[in-house]
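# Residue-level structure breakdown
Read off the chains here:
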Amino acid sequence: MELKRIVYIIILFTLALGVSAQTATISGVLKNSNGESLENANIAIVGETIGTQSDKNGKFTLTIPANKDVKVGVSFIGYNTTIKTFNLKPNEKVDFSPKMTSTSTDIGTYDHVEEGNRTGTMQKIKPKLAENFTSASGSFEAILKTLPGVSSNNELSSQYSVRGGNFDENLIYVNDIQIYRPFLIRSGRQEGLSFINSNLVSDIKFSAGGFGAKYGDKMSSVLDVTYKEPEDFGGSFTASLQGAAAHIEGASKNHRFTYLTGARFKSNQYVLQSLDTDGEYRPRFFDIQTYLTYDISEKWEIGFLGNIAKNTYEFIPQTRETEFGTINEALQLTVFFDGAEVDEYQTYFGAITNTFTPKDDLELKIITSLFSTLEDENFDIEGGYRIDELERDLSQESFGDVKFNRGIGTFMDHARNRLDANVFNLEHKGKKLKKNHTTFWGVKYQHEYIKDRISEWGYVDSAGYFIPGTPDSIGYTNPNAQGDDLLELNEVLRSQVDLNSNRYSSYLQRSWAWEKDSVNYNFTMGARGAYWDFNNEFIFSPRTSFSFQPNWERDYLFRISGGVYYQPPFYREMRDFDGSINYDIKSQLSYQAVIGSDYNFTAWGRPFKFTTDIYYKHMKNVIPYEVENVRIRYYATNNANAYAIGTDLKINGEFVKGVESWFSMSVMKTEENLVDDSYTEYINSDGEVIVSGFTANNTAVDSNIIEPGNIPRPTDQRVNFSLFFQDYLPGLPSLKMHIALYYATGLPFGQTGTQERYKATFRLPAYRRVDLGFSYLIKSEEKESKGKLMKNFKNIWLSAEVFNLLQINNVISYLWIKDVTGRNYAVPNYLTSRQINLKLHVEF
């Protein structure tokens with residue numbers, strides 16, 4: 001009897017546990033009024049600690065008790081909180097996907113930068129801002145150049161440098177897949193379309209340094225972009241004087257299949273006509289991208305990301321006339337051209353992603369991708385030139401005209417370059433969610449095949465343009481006494497390279513979040529490891545970050561991050577000036593530390609945020625390089641040590657109610673010390689240092705060995721200031737204005753191709769530019785239209801843009817010449833002048 005009673009008690013207790021453990025599931029997708037996914041939104045049971053967060057696609061799943069009223073709240077910074085009561089049956093599953101509405105004034109698609117996750121090193125950028133940003137390049141990355149720590153002195157290029165790094169030190173991801181750019185591009189006017197199509201983007205995250213171990217091995221920055229997974233049918237069309245773009249998106253009725261496809265055509269011929277060199281520019285850039293997803297089951301999604309791009313640049317130069325020098329010595333270079341340049345860059349990219357969610361708190365991904373680029377560079381350009389001195393006497397009627405000629409000559413540049421590169425990746429990524437921590441891990445295999453054929457030379461003829469040619473044999477008693485008069489080429493590149501290599505890498509990262517005594521803490525620790533069979537090098541990269549938000553009356557948050565950041569060389573770093581490969585090249589190494597804070601406050605009844613970062617980088621095994629426009633030419637040897645130190649400041653908020661604007665300023669210094677760059681300085685009998693073309697006495701009687709020590713790196717831009725400001729008419733909010741202003745001190749430069757880095761201590765003039773845009777919202781989805789045709793469209797924008805409003809002649813590089821005395825002159829190559837662009841943007 002006693003045993004039977006015990007059995008009954010156990011059965012009742014088990015049933016009670018079963019009843020009390022009965023649960024239901026709520027899941028959904030969180031988006032704002034523009035259909036953009038909201039990551040890291042909080043979804044929780046009101047009054048309890050049970051909750052979760054949305055992922056980068058806005059998706060979430062929350063388990064709640066069954067057979068009782070449960071209030072579930074959804075909150076996100078900058079949006080109104082949504083609360084709904086549920087009473088669900090055991091094991092019942094319901095969809096809860098409220099559309100989140102902004103707390104700011106709604107004036108159309110110009111909204112503010114999302115705050116996102118304050119505790120991490122990644123900052124979020126509103127996709128609509130990037131899509132509508134005014135820039136001469138029209139690239140997605142243009143908005144990044146207004147952020148602190150980011151700089152660029154070329155409006156034609158989408159490339160940017162971050163905290164003293166160069167263009168090759170930036171990571172770019174689209175849907176967790178690393179993106180590569182073409183190798184042979186020399187200038188911004190050849191660059192074409194950026195890979196990222198702003199019409200397809202749902203989420204943007206950017207870090208200027210101190211990023212976690214789950215991101216790859218680069219030394220400067222990370223741009224992490226996520227494409228949309230649309231819920232409904234829609235699309236857009238844009239046309240301007242620079243080209244056109246269109247995209248279409250949608251989903252099946254059961255939402256298991258989604259599609260997103262965009263096509264773009266760009267021709268910056270209109271902008272290039274404002275350059276110094278007159279000629280026939282025929283740039284044609286085209287690409288098409290698609291992103292498809294299909295839910296095979298509730299726990300398995302397969303996705304495909306594909307891209308085909310063809311960029312063609314044809315140029316037939318005619319004349320160039322450039323004035324340079326000073327008031328006391330005004331000079332003019334005139335060049336008459338013959339020949340043409342034809343460059344073609346074709347890239348193909350495809351990636352398949354399998355995403356498994358066997359449990360609500362577990363995500364597993366398998367990614368396979370293939371990147372292929374075929375690049376051809378062909379030019380034969382001959383030029384006849386003259387160097388003239390201009391009349392500088394204001395009292396003369398001929399003031400500003402040619403006074404006399406300093407020399408004439410000809411030159412010829414030839415190239416037949418072809419590069420084929422293929423990069424294959426197989427990768428696994430995982431994520432595990434727990435109550436107070438999240439774990440990330442991944443392993444990756446990468447195979448590279450590169451086939452490079454270079455045939456390039458340049459010839460300069462007499463007149464002292466470079467060095468006068470050798471004399472002929474006229475007047476010789478015995479002409480055979482003179483040696484062969486060889487054709488001297490000032491630069492010759494010939495190489496044939498075939499490279500096959502394999503890379504293996506992995507990472508593990510965990511983030512903890514907790515609260516104690518009303519103080520919020522977040523700690524992240526991780527490490528990466530990688531091996532490259534080309535040089536049998538193994539690298540290990542630990543990284544960490546910590547943040548805390550004190551319980552103060554004012555809303556402050558403090559962060560510290562850092563670690564070890566390696567950058568294994570890719571093909572460009574391995575190839576030196578003559579085209580040969582260094583098979584002993586090693587990874588560059590950077591020790592980084594970043595201390596930062598942000599402060600949220602209210603002024604004029606509107607929200608603002610002030611952020612500060614102080615950073616230091618100590619770099620070893622550095623590969624020196626020179627920059628020509630956007631072309632980076634590496635020395636292909638690890639013979640330098642370097643450092644970078646600086647601070648970034650930014651204040652952003654609603655200076656005008658309802659729209660976000662910001663001011664950014666960066667102060668930075670970066671230098672490097674080459675271990676083998678000593679040189680000999682020769683002294684004449686007058687005690688003067690002999691300088692060709694300047695000293696009259698060039699007979700050396702003494703010499704000194706000079707150790708240059710620390711010299712500025714090519715990206716040493718000491719001060720960088722940028723502004724992005726938006727406004728609208730109070731009585732007519734459909735008419736908006738946005739302005740982007742840039743100021744940056746000059747970059748170091750020297751005579752290119754000499755491989756004498758210690759001489760590159762001159763400075764370009766400061767980069768100054770203002771771009772202005774006006775937009776009028778003809779049709780808004782918030783307002784009903786009377787016409788039948790207009791009802792088919794959500795938004796219609798008409799924009800007018802003014803590039804380089806102040807008509808400032810910015811210098812991108814210099815052309816180096818010599819006169820008959822051997823004196824060097826740096827002739828500036830100017831960027832674009834003022835241009836006006838009209839644009840129509842339609843959304844449906």
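Conventions used here
Residues numbered from 1 in each chain as written. Predicted model: local features only at pLDDT ≥ 70, side-chain atom pairs only at ≥ 80, totals over all residues. Heavy atoms only, no water. Helix = DSSP H or I, 4+ residues; strand = E, 2+ residues; numbered from the N terminus. Buried < 20%, exposed > 50% of the residue type's maximum accessible area, 1.4 Å probe, protein only. Contact = heavy atoms within 4.5 Å. Areas by Shrake-Rupley, 256 points an atom, 1.4 Å probe, with all protein chains shown as cover. Polar contact = N/O pair within 3.5 Å; in protein donor to acceptor, adjacent residues only side chain to side chain. Patch = residues over 30% accessible without salt bridge, like charges linked within 9 Å, V, L, I, M, F, W, Y side chains within 5 Å. Salt bridge = Lys/Arg side-chain N within 4 Å of Asp/Glu carboxyl O. Pairing = 2+ DSSP bridges. Axes fitted to C-alpha atoms, helices over the stretch in contact; angles between N-to-C directions. pLDDT = per-residue confidence, 0-100. Core = buried A, V, L, I, M, F, W, Y, C linked by side-chain atoms within 4.5 Å. Phe/Tyr/Trp six-rings, centres within 6.5 Å; stacked < 30°, edge-to-face > 60°. Lys NZ or Arg CZ within 6 Å of the ring centre and 35° of its normal. Lys, Arg positive; Asp, Glu negative; His and termini not counted.

### Some points on the overall build of the protein chain
- In terms of helices and strands, the protein chain carries four helices and 47 strands.
- The 844 residues of the protein chain split such that 54% are buried.
- In the protein chain, the proportion of contacts linking residues at least 24 apart, taken out of those at least 6 apart, comes to 67%.
- Accessible surface for the protein chain amounts to roughly 38,100 Å². Of this, 56% is attributable to carbon and sulfur atoms.

### Regarding the side chain of T715
- One can find T715 in the loop between β38 (711-712) and β39 (719-729).
- At 2.6 Å, the side chain of T715 and the backbone oxygen of G164 are in polar contact.

### Re a nonpolar patch on the surface
- Among the surface-exposed residues, L729, L732, Y776, I778, L798 and L840 lie close enough to one another that they form a single nonpolar patch of about 490 Å² accessible area.
- Structurally, the position occupied by L729 is in strand β39.

### Comments concerning the sheet that holds strand β5 (residues 59-65)
- Judged by pairing direction, the sheet is mixed, and its three strands sit side by side in the order β5-β1-β8 without closing on themselves. Two strands close off the open sheet at either side, each with one partner strand: β5 and β8 (93-95). Strand after strand, the sheet turns through a mean of 20° between neighbouring axes, direction not considered.
- With three bridges connecting them, strand β1 (residues 23-29) and β8 associate as parallel partners. Each residue of the ladder has a partner; that of S27, found in β8, is D95.

### Some points on the confidence of the model for the protein chain
- For the protein chain, the mean per-residue pLDDT works out to 84, and 89% of the residues sit at or above 70.
- In the predicted structure, residues 6-21 sits below a pLDDT of 50 and forms zero contacts with residues beyond four places in sequence or in another chain.
- Here residues 104-116 scores under 50 on pLDDT; set against residues more than four positions off or in separate chains, the count is 51 contacts.

### Section: the pattern of salt bridges
- For the coordinates displayed, the defined rule picks out 38 salt bridges.
- R713 serves as the salt-bridge partner of E672, at 3.1 Å between the closest nitrogen and oxygen. Of this pair, E672 sits in strand β35 (residues 659-674) while R713 sits in the loop between β38 and β39, and the two are 41 residues apart along the sequence. Accessibility assignment for this pair places E672 and R713 in one class, buried.
- Where salt bridges share partners, they join R163, R559, D598, D613 and D648 into one cluster.

### What to know about the nonpolar core
- In terms of nonpolar packing, the biggest core is built from 65 residues, with I196, F206, L223 and Y227 touching the most fellow members.
- The contacts of L223, once residues within four sequence positions are left out, are F140, E141, L144, Y160, L171, I172, Y173, I196, I204, K205 and F206.

### A few points about the packing of aromatic side chains
- Across all of its chains, the model carries 40 aromatic pairs by this definition.
- Residues F86 and F96 carry aromatic rings whose centres are separated by 5.3 Å and whose planes lie at 75° to one another, so their mutual orientation is edge-to-face. On the criterion of sequence distance, the pair formed by F86 in strand β7 (residues 82-86) and F96 in the loop between β8 and β9 (99-100) is long-range, its members being 10 residues apart.
- A relative accessible area of 6% places F96 in the buried class.
- Each ring, one from Y281 and one from F315, has its centre 4.4 Å from the other, and the planes form 15°; the classification is stacked. With a gap of 34 residues between them, Y281 in strand β20 (residues 277-297) and F315 in strand β21 (residues 300-325) connect regions that are remote in the sequence.
- F315 sits in the buried class, given a relative accessible area of 4%.
- Above the face of the W662 ring, K650 is positioned so that its terminal group lies 5.0 Å from the ring centre.

### What to know about the environment of F60
- Along the chain, the position of F60 falls in strand β5.
- The class for F60 is buried, based on a relative accessible area of 4%.
- Each C-alpha atom of the pair F60 and S27 lies 5.5 Å from the other, and the pair is 33 residues apart in sequence.
- Contacts of F60, omitting those with residues within four sequence positions, involve I26, S27, G28, V29, L30, I43, T52, Q53, S54 and F96.

### Looking at the side chain of E537
- The residue E537 is located in strand β28 (residues 537-549) in this model.
- Buried charge E537 goes without a salt bridge, the closest partner of opposite sign being K586 at 5.5 Å.
- At 2.8 Å, the side chain of E537 forms a polar contact with the side chain of S587.
- Ignoring anything within four residues of it in the chain, the contact list for E537 reads A530, Y531, W532, K586 and S587.

### Here we look at the sheet that holds strand β16 (residues 221-227)
- With respect to topology, five strands assemble into an open sheet ordered β10-β15-β16-β13-β14, the strand pairing being mixed. Either end of the sheet is taken by a strand with one partner, and the two such strands are β10 (123-124) and β14 (177-178).

### Section: the environment of T23
- Take T23: it is sitting in strand β1.
- Residue class for T23 comes out partly exposed when judged on its relative accessible area of 31%.
- Note: C-alpha distance between T23 and T63 (40 residues apart in sequence) is 6.6 Å.
- Not counting residues up to four positions away in its chain, the partners in contact with T23 are T63, I64, P65, A66, K89, P90, N91 and E92.

### Observations regarding the pairing of strand β47 (residues 835-843)
- In the sheet, strand β17 (residues 234-240) pairs with β47 via five bridges, with the strands oriented antiparallel. Bridging across to β47, F237 finds its partner in V842.
- Bridging between strand β44 (residues 795-803) and β47 involves nine bridges; their strand directions are antiparallel. The partner of F803 across the bridge, within β47, is Q835.

### Some words on the pairing of strand β29 (residues 555-567)
- Across six bridges, the pairing between β28 and β29 is antiparallel. Considered in β29, the bridge of S547 is made with R559.
- Linking β28 to β29, which pair antiparallel, is a turn of five residues.
- Strand direction decides the pairing type here: β29 and strand β30 (residues 588-603), joined by 13 bridges, are antiparallel. For Y565, the partnering residue across the bridge sits in β30 and is S590.

### A few points about unusual backbone geometry
- Look at N67: it is not a glycine, yet its phi comes out positive at around 60°.
- Locating N67 in the fold gives a position in the loop between β5 and β6 (70-75).
- One non-glycine residue, H255, lies in positive phi territory at about 60°.
- For H255, the position within the fold is in the loop between β18 (243-251) and β19 (257-266).

### Observations concerning the environment of E537
- On the basis of relative accessible area, E537 is assigned to the buried category, the value being 14%.
- Separated by 50 residues in sequence, E537 and S587 have C-alpha atoms that sit 8.2 Å apart.

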